[in-house]
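# Architecture and fold: a report
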Amino acid sequence: MSELGRQIGIERRVALVTGASRGIGLAIATRLAAEGFHVVGTATTSEGAAVLGAALGASGQGAVLRVEAQASVDALYAALEAGPGLPAVLVNNAGVTRDNLLLRMKEDEWQAVVETNLGGLYRVVKPALRAMMKARFGRIVNLSSVVARMGNAGQTNYVASKAGIEGFTRSLAQELASRAITVNAVAPGFIETDMTAALTESQAAQMMERIPLGRMGSAEEVAHAVAFLVSDAAGYITGATIPVNGGLYMA
Ligand SMILES: NC(=O)c1ccc[n+]([C@@H]2O[C@H](COP(=O)([O-])OP(=O)(O)OC[C@H]3O[C@@H](n4cnc5c(N)ncnc54)[C@H](OP(=O)(O)O)[C@@H]3O)[C@@H](O)[C@H]2O)c1
C-alpha cells in the first residue's frame, strides 16, 4: 500500500473526476486510473457514463452528474457511499462556456456558466469534506483557466467563474490545511479539446501568435499537472494555482 493508502486507511484509492467524458477530464481520469486510483468519472448523460465506464474498465466506473443540480450531486454521493467509498481525491473539472459580450449577454448565459463552474464547485466539494477531515487526508484540485488572470473579452461570465474558483481554492486551502488536506487549482491555457474547437481559424491563429511555446497544449499535459498535485510528493503545496499555458500568461 502506498503512503497515501496508509494515511487514509483504505486500500482502494478513490478519485472522483467531474466532467470526465471527454477532453481534459477524460485525460485526467485515464491518467489517475493508470496510477492505480479507482476513478469515478462523471458525464452528464447515462450514455456518456456507460462509455466512460467501459473505457476505465476494472480501474474505475462512470457515473451521471450535473453539477448545477443538488439532487444529482446527492445521488452521486449516495452511490459513492454505497459503492467504492467517498473520494480521497476530488478533481473538479466540469465546466462550460456561453460566450457573449456583456452588453448582449442574457441572464441564462450568465447563470448557466456561474451555476455550473462556480456553484457546482460548492455543491460537489462540500459533501466530500467530512470524510477527508476524519481521515486527515485529502487532495482537491479545481480546474481554473488562464483567463481568470488575463481576462478575455466576450467571457465575463466564464472569467468571473474561474477567478472565483481560484479565490475559493485559496480560502478552502486555509480552512483545511490543519487536516493535511490540500486544495489547489490548475489553470490551463489554450488546450486542444471540444471547448476550443469552437473557435474560428482566425481566432485560433491570433491566439497562437500570443503563445511563446507556439502551440496549443494537450489534455494529457494538463492531466500531468493534476496527477502531480494529487500525488504524495505534492503534500507541501496548497492554495496554489499551477499554470499550464505555454507561457501565454506568466504573472
Ligand atoms: N480546453 C481549454 O482550452 C481549457 C482552457 C482552460 C480551462 N479549461 C477548463 O478545463 C475544464 C475541462 O475543459 P474541456 O475543454 O475538457 O471541456 P469539454 O471538452 O467541453 O468537456 C466538458 C466536460 O464537462 C462536462 N459537463 C458539461 N456540463 C456539465 C454539467 N452541467 N455538470 C457536470 N458536468 C458537465 C461534460 O460532460 P458531457 O460530455 O456529458 O457533456 C464534459 O465531460 C473546464 O473546467 C474548462 O473550463 C479548458
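Here the structure is shown first, and the text comes after it.
In this text, all values refer to a predicted model and were calculated from it rather than measured experimentally.

Mapped onto the fold, Leu 172 is located in helix H7 (residues 156–176). Take Leu 172: its relative accessible area is 8%, and that puts it in the buried class. For the pair Leu 172 and Thr 18, spaced 154 residues apart in sequence, the C-alpha to C-alpha distance is 19 Å. Residues in contact with Leu 172, not counting those within four places in the same chain, are Val 125, Leu 129, Ile 140 and Val 183.

Looking now at the side chain of Thr 182. Mapping Thr 182 onto the fold places it in strand E6 (residues 181–188). According to the relative accessible area criterion, Thr 182 is buried, its value standing at 5%. Sequence-distant contacts of Thr 182, defined by excluding residues within four places in its chain, comprise Gly 138, Arg 139, Ile 140, Leu 229, Gly 235, Ile 237 and Thr 238.

Turning our attention to the packing of helix H5 (residues 107–135) against H7. Between H5 and H7, the shortest axis-to-axis distance is 8 Å and the interhelical angle comes to 15°. By the criterion of interaxial angle, the relationship of H5 to H7 is roughly parallel. Two packed elements cross with a definite hand, and for H5 against H7 that hand is right-handed. The residues of H7 that touch H5, namely those facing Glu 109, Trp 110, Val 113, Val 114, Asn 117, Leu 118, Leu 121, Tyr 122, Val 125, Leu 129 and Met 133, are Thr 156, Asn 157, Tyr 158, Ala 160, Ser 161, Lys 162, Gly 164, Ile 165, Phe 168, Leu 172 and Leu 176.

What counts, and where the lines are drawn
Residues numbered from 1 in each chain as written. Predicted model: local features only at pLDDT ≥ 70, side-chain atom pairs only at ≥ 80, totals over all residues. Heavy atoms only, no water. Helix = DSSP H or I, 4+ residues; strand = E, 2+ residues; numbered from the N terminus. Buried < 20%, exposed > 50% of the residue type's maximum accessible area, 1.4 Å probe, protein only. Contact = heavy atoms within 4.5 Å. Axes fitted to C-alpha atoms, helices over the stretch in contact; angles between N-to-C directions. Parallel < 35°, antiparallel > 145°, perpendicular 65-115°, else oblique. Left-handed = near helix turned anticlockwise from the far one by under 90°.

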